[in-house]
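Here's the letter readout for the chains.
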Amino acid sequence: MSRAAATPPPKTCASCGREMQWRAKWAKNWDEVRYCSDACRRRGIRPVDAQLTQAILDLLDARAATATICPSEAARKVGGEEWRDLMEPARRAARRLVADGEVDITQRGAVVDPSTAKGPIRIRRRQA
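All values derive from a computational prediction rather than experimental measurement.

### Structural notes on the overall build of the chain
Part 1 of the argument: Each helix and strand counted, the chain has five helices and six strands in total.
Part 2 of the argument: Counting from the amino terminus, the chain carries its helices and strands in the arrangement α-β-β-α-α-β-α-α-β-β-β.
Part 3 of the argument: Its C-alpha atoms give the chain principal-axis dimensions of roughly 50 × 35 × 25 Å.
Part 4 of the argument: Here the chain holds 128 residues, and 37% of them are scored as buried.
Part 5 of the argument: Within the chain, contacts between residues at least 6 apart in sequence are counted, and of these 41% link residues at least 24 apart.
Part 6 of the argument: When the accessible surface of the chain is summed, it comes to about 7800 Å², and 50% of that surface belongs to carbon and sulfur atoms.
Part 7 of the argument: The chain carries 25 positive and 16 negative side-chain charges, and their two centres are separated by 5 Å.

### Some thoughts on the packing of aromatic side chains
Part 1 of the argument: Using the criterion set out here, one finds one aromatic pair in the structure.
Part 2 of the argument: Note that Lys11 overlies the ring of Trp30, its terminal NZ or CZ placed 4.8 Å from the centroid.
Part 3 of the argument: One cation-aromatic arrangement involves Arg76 over Trp83; the distance from NZ or CZ to the ring centre is 3.9 Å.

Parameters and conventions
- Residues numbered from 1 in each chain as written.
- Predicted model: local features only at pLDDT ≥ 70, side-chain atom pairs only at ≥ 80, totals over all residues.
- Heavy atoms only, no water.
- Helix = DSSP H or I, 4+ residues; strand = E, 2+ residues; numbered from the N terminus.
- Buried < 20%, exposed > 50% of the residue type's maximum accessible area, 1.4 Å probe, protein only.
- Contact = heavy atoms within 4.5 Å.
- Areas by Shrake-Rupley, 256 points an atom, 1.4 Å probe, with all protein chains shown as cover.
- Lys, Arg positive; Asp, Glu negative; His and termini not counted.
- Charge placed at Lys NZ, Arg CZ, Asp CG, Glu CD.
- Phe/Tyr/Trp six-rings, centres within 6.5 Å; stacked < 30°, edge-to-face > 60°.
- Lys NZ or Arg CZ within 6 Å of the ring centre and 35° of its normal.

As structure tokens, then:
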């Protein structure tokens, strides 16, 4: 059996929503690995993360099926005047929703890989 065939499929980090590739150091406990880094393990999922996730879904529910939102809209809904500090957590919430199959992340109208997307993004419901 080749090494590539024995490599387990990638997972999604429970905190940041980025794709994690199997690593040799995780060989003994790959089934228990939930986080891509120590920083994500420390951060975990906070109550504000759940609020941002729900805000994204609520904003999308209030729009047409093909409409998009900016992560800043969810950050503003949850954070009020202090929304700027919630921009990265809003992007993380969007990435987790992509992993759950709920939404797509787009740039210039095209679906992009949320693990590697840089710059402004938009969020829309997953298209059937």
